[in-house]
Number of protein chains: 2
Amino acid sequence: MTAEIITIGDEILIGQVVDTNSAWLGQKLNEYGVQIVRITSVRDDKNEIIETLDSSLSRSDLVLITGGLGPTKDDLTKKTLAEYFECKLVMDEGAYRNIENLVRERGFDFNELKQQQALVPEKCTVIPNLHGTAPGMWFEKEGRIVVSMPGVPFEMKAMVDDYLIEMIKRHFSLRNIIHKTAITYGIPESALAIKIEPWEDSLPEYLKLAYLPNPNCIRLRLSAYESDKEKVMKVIDEKFAELQKMIPESFLGYGDTSLEGVVADMLLERKETLSVAESCTGGYISSLFTAMNGASDYLTAGVVSYTVDAKVNILGVNREDVDRYGVVSEEVAKQMAEGVRRLNGTTYGISTTGIAGPTGETEETPVGTVCIGVATPHGTITRKFMFGKLRNENIKRASANAINMLRMEIKKH
Amino acid sequence: MTAEIITIGDEILIGQVVDTNSAWLGQKLNEYGVQIVRITSVRDDKNEIIETLDSSLSRSDLVLITGGLGPTKDDLTKKTLAEYFECKLVMDEGAYRNIENLVRERGFDFNELKQQQALVPEKCTVIPNLHGTAPGMWFEKEGRIVVSMPGVPFEMKAMVDDYLIEMIKRHFSLRNIIHKTAITYGIPESALAIKIEPWEDSLPEYLKLAYLPNPNCIRLRLSAYESDKEKVMKVIDEKFAELQKMIPESFLGYGDTSLEGVVADMLLERKETLSVAESCTGGYISSLFTAMNGASDYLTAGVVSYTVDAKVNILGVNREDVDRYGVVSEEVAKQMAEGVRRLNGTTYGISTTGIAGPTGETEETPVGTVCIGVATPHGTITRKFMFGKLRNENIKRASANAINMLRMEIKKH
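Computed from a predicted model, the values in this text were never measured in an experiment.

A. Molecular detail of the relation of the copies chain B and chain A. For these two chains of identical sequence, chain B goes onto chain A by a turn of 180° and a shift of 0.1 Å along the axis, with RMSD 0.1 Å. Here the symmetry operator amounts to a two-fold rotation axis. Mapped onto chain A, 100% of the interface residues of chain B again fall at the interface, so both copies present the same surface.

Next up, the structure:
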């Protein structure tokens, strides 16, 4: 079966919020064999909402709407749906009590606007929203389903996980979509494509390969619309095993894993620890690791040593060496990595020092210059990189390269 | 005039990449009076691409396509456009040389797939891509324009800034859209709506108000489709000045500024400095500040003290107090903030210690408990918060609250 997503809100079209809900929904529903075939973002405009809803329903069995359920005047979704399904708004007891509780918990006053949030179109089935005031709504029209959910990501996500998936499974008989994604690191897309062409040509007809480029990472997704799940998954696993043999160094792993996820797993498995000394990456490396649950089992500490003083006072970098080699130098990166490793008594220490830009460059050190150090029980390695002119790109690329240098060092032993 | 965006790629619908390009394009074009009225994401499927392109062109004067220009087999956009505009693919000299240079710079080999990237439909005007191998394409059809760009964000953005905006300005006579956004902090949407209702009702007919909710921040956008720019902007400024009087504590500023942006500006203006001691936020606060250019002028250092040892050894937290009060306590937050401030000799020090979750909770300290400290020249304040169950929500909310507590302390003096 196919589904579509409609995201409602001027703020999406004017670009003041990024629609992260659709990607999350696409991934989530895909796991259950529901294929998103289109995502449409429309303005807070009654006629456009209705027109889009009509054309989506003409193509797909399930239409998921997010957004436009706020309590304020520019939110039209609920009124529009009541009109579309030709019914009036009625107070929903459960929603009312839920809002009452939420408001009490958070110590806000239970004002009139909040009470209005409990009004829903008479013909809908309410989907509880445990994290916010806007209830979800489930409508049926000639066997096809329209679901309206709040645009606030964590409210919508909880609603889907706690209720919607079950409701969809019950209402539709779902077809199996199988896919598995392998993640590669460090080979540009076109070079990878050439390198693995024989492998790609060896894939059976029913397996579809897709390249999913990311900065530094290219993900390869094999998917099949198949009923015999075990058989297909076995073939996929065999094919990916062949791929891994072709690019052993670059093959990171499977699924949602990321470069930092792979390193985290390696550290946990070996019961080894890590500390991080960041200058130009400014805490980004630490935040990548600590965004994952369980970071406290291997990440003891990070130091964002943005100034020379911090490098000297906290990490014990030698001030004369800073003057001699420059603060952006492999020598300083080395001392930072060894300093943070010593300071925290960790198995590994990694460091970054560079010019993220756009300002701060000197004649010898243009924007995009980054030196990285990795201190290990077997010694310290350093590398100097030249990235681009874009600050956030440089921060991300420096972080990825530092984490990958660590990964390669761990693999060595 | 109106425009639409079409983003192409299975990876978007399957949710393996978030479409950040559309938001960026929406904002960018809006500044130039081009209004995005719809965003549609479709699969790498020739017929769906053509069908969507047809319906977009029936509504809008300008259609911007991103994605599907990669060198690999699943990228269909270029072939499809050649077919749609009934012409063949030809080698573009400029694109060819550009790819040659890029490849040389980056030290990759100039393989056949890369050379194919220089093929473009005969009827298009090439838009140079200085950061990647896929050239942009500009097509004209009965006065309406179709533009195809790569999906890689920084390639697409540079293409728009360096070439496309000028081409659009030249081809269309653009109508003025004026808008300004004020940012508020700490008042929930519905409470804010009630509080400022008289102000909202006082707005002239031609000014449109939109609420743009964010975690912790509600942005209020006033927009008008007006030719007399000066007059309208004057009214908007007056109205926002009235608003600021109504909610002085919560009024953060204008435009794209963020909570951390406001604090950064305050610190720079006062020539004051900041250091950060993060436990549960794991470097996120530091990365928020260092993501902004110029952070080195006020942020001296951050310490991610994830373990008790790191808190004691680096920040000088008293180990007995950790045992007595617990590592997640206002006392430890106080010592962390004062410790990092002392260590780096900064004007302010802020700290976080808590349980981000989902694991790690104890009987006394459930997931979502976070203590925050702000050390200033006038003393140290601390607060204990109870957030939710979601790790990344907790990290973000703790970070925002820490930065806002600092903002309030700075405002006091």
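B. Molecular detail of the interface of chain B and chain A. Contacts between the two partners involve 92 residues from chain B, matched on the other side by 92 residues from chain A. Both sides together, the interface formed by chain B and chain A hides about 7200 Å², and carbon and sulfur atoms give 54% of it. Of all residues in chain B, Ile14, Gln16 and Arg38 of chain B give up the largest surface area on contact with chain A, accounting jointly for 9% of the area buried on that side. Counting across the interface, chain B meets chain A through six salt bridges. Between Asp10 of chain A and Lys208 of chain B there is a salt bridge, with the nearest N and O atoms lying 2.4 Å from each other. Inspection of the region where chain B meets chain A yields 28 residue pairs in polar contact (both at pLDDT 80 or more). Ranked by the residues each element gives to the side of chain B that touches chain A, the list is headed by strand β2 (residues 35-42) of chain B, at eight residues. A class-by-class count of the residues in the side of chain B that touches chain A yields 38 nonpolar, 32 polar and 22 charged.

C. Structural view of the side chain of Asn30 of chain A. One can find Asn30 of chain A in helix α2 (residues 21-31). Among the residues examined, Asn30 of chain A registers a relative accessible area of 4% and is labelled buried. Once residues within four sequence positions are removed from consideration, Asn30 of chain A is found in contact with Ile177 and His179 of chain A together with Ile14 of chain B.

D. Spatial organisation of helix α2 (residues 21-31) of chain B. Here α2 of chain B lies mainly inside the structure; nine of its eleven residues are buried. Within the sequence span of α2 of chain B, burial applies to Asn21, Ser22, Ala23, Trp24, Leu25, Gly26, Lys28, Leu29 and Asn30 of chain B.

E. Focus on the packing of aromatic side chains. Under the definition given, this model contains 14 aromatic pairs over all chains. Measuring from ring centre to ring centre gives 5.3 Å for Phe385 of chain A and Phe387 of chain A, while their planes differ by 15°; the resulting arrangement is stacked. Residue Phe385 of chain A shares its accessibility class with Phe387 of chain A, and that shared class is buried. A centroid spacing of 5.1 Å and a plane angle of 80° characterise the contact between Tyr84 of chain B and Phe85 of chain B, whose relative ring orientation is edge-to-face. For the pair Tyr84 of chain B and Phe85 of chain B, a shared accessibility class is recorded, and that class is buried. The ring of Tyr254 of chain B carries the charged tip of Lys180 of chain B above its face, separated from the ring centre by 4.1 Å.

F. Focus on the sheet that holds strand β8 (residues 144-149) of chain A. Taking strand neighbours across the sheet as the criterion, the twelve strands line up as β6(A)-β7(A)-β8(A)-β3(A)-β1(A)-β2(A)-β2(B)-β1(B)-β3(B)-β8(B)-β7(B)-β6(B) in an open arrangement whose pairing is mixed. Two strands lie at the open edges of the sheet, namely β6 (125-127) of chain A together with β6 (125-127) of chain B, each paired on one side alone. Across the sheet, the mean angle from the axis of one strand to that of its neighbour is 20°, orientation sign disregarded. Two strands pair when backbone bridges link them, and strand β2 (residues 35-42) of chain A and β2 of chain B are joined in this way by three bridges, in the antiparallel orientation. Among the inter-strand pairings, Ile39 of chain A is bridged to a residue of β2 of chain B, identified as Ser41 of chain B. Contacts between helix α3 (residues 46-59) of chain A and the sheet are confined to β1 (2-8), β2, β3 (62-66), β7 (136-141) and β8 of chain A together with β2 of chain B, with β1 of chain A contributing the most and set at about 170° to the helix.

G. Spotlight on the environment of Lys141 of chain B. Residue and element names in this part refer to chain B. Along the chain, Lys141 turns up in strand β7 (residues 136-141). Here Lys141 falls in the partly exposed class, since its relative accessible area comes to 31%. When the C-alpha atoms of Lys141 and Ala356 are compared, they prove to be 54 Å apart, with 215 residues separating the residues in sequence. Not counting the four nearest positions on each side in its chain, Lys141 is found in contact with Asp54, Leu57, Tyr84 and Phe85. Here Tyr84 takes part through its side chain, which lies 3.3 Å from a polar atom of the side chain of Lys141.

H. Examining the environment of Thr184 of chain A more closely. All names here are of chain A. Its place among the elements puts Thr184 in strand β9 (residues 177-185). On the basis of relative accessible area, Thr184 is assigned to the buried category, the value being 0%. For the pair Thr184 and Thr281, spaced 97 residues apart in sequence, the C-alpha to C-alpha distance is 23 Å. In this structure, Thr184 is in contact with Leu192, Asn216, Cys217, Ile218, Leu220, Ile247, Ser250 and Leu252, ignoring residues within four places of it in sequence.

I. Geometry of the state of the cysteines. All chains considered together, the criterion is met by zero disulfides over all chains. In this structure Cys87 of chain A is a free cysteine whose sulfur lies 7.3 Å from that of Cys124 of chain A, the closest cysteine sulfur available. Residue class for Cys87 of chain A comes out buried when judged on its relative accessible area of 16%. Of all cysteine sulfurs in the structure, the one in Cys371 of chain B sits closest to Cys280 of chain B, which takes part in no disulfide; the separation is 8.9 Å. For Cys280 of chain B, a relative accessible area of 5% puts it in the buried group.

J. How the structure looks around the sheet that holds strand β17 (residues 379-386) of chain A. The mixed open sheet is built from ten strands, whose spatial order is β17(A)-β16(A)-β15(A)-β13(A)-β14(A)-β14(B)-β13(B)-β15(B)-β16(B)-β17(B). At either end of the open sheet lies a strand with only one pairing partner, and these are β17 of chain A together with β17 (379-386) of chain B. Taken over all neighbouring pairs, the strand axes of this sheet differ in orientation by 10° on average, direction set aside. For strand β15 (residues 348-354) of chain B and strand β16 (residues 369-376) of chain B, the ladder comprises six bridges, and the chain directions are antiparallel. Looking at the pairing, Gly354 of chain B lines up with Val370 of chain B of β16 of chain B. Relative to strand β15 (residues 348-354) of chain A, helix α15 (residues 330-344) of chain A is tilted by about 145°, and along the sheet it contacts β13 (274-278), β14 (299-305), β15, β16 (369-376) and β17 of chain A.

Thresholds, definitions, all that
Residues numbered from 1 in each chain as written. Chains lettered and ligands numbered in written order. Predicted model: local features only at pLDDT ≥ 70, side-chain atom pairs only at ≥ 80, totals over all residues. Heavy atoms only, no water. Least-squares fit on C-alpha atoms with pLDDT ≥ 70 in both. Contact = heavy atoms within 4.5 Å. Buried area = accessible area lost by both parts, 1.4 Å probe. Salt bridge = Lys/Arg side-chain N within 4 Å of Asp/Glu carboxyl O. Polar contact = N/O pair within 3.5 Å; in protein donor to acceptor, adjacent residues only side chain to side chain. Helix = DSSP H or I, 4+ residues; strand = E, 2+ residues; numbered from the N terminus. Nonpolar A, V, L, I, M, F, W, Y, C, P; charged D, E, K, R; others polar. Buried < 20%, exposed > 50% of the residue type's maximum accessible area, 1.4 Å probe, protein only. Phe/Tyr/Trp six-rings, centres within 6.5 Å; stacked < 30°, edge-to-face > 60°. Lys NZ or Arg CZ within 6 Å of the ring centre and 35° of its normal. Pairing = 2+ DSSP bridges. Axes fitted to C-alpha atoms, helices over the stretch in contact; angles between N-to-C directions. Disulfide = S-S within 2.5 Å.

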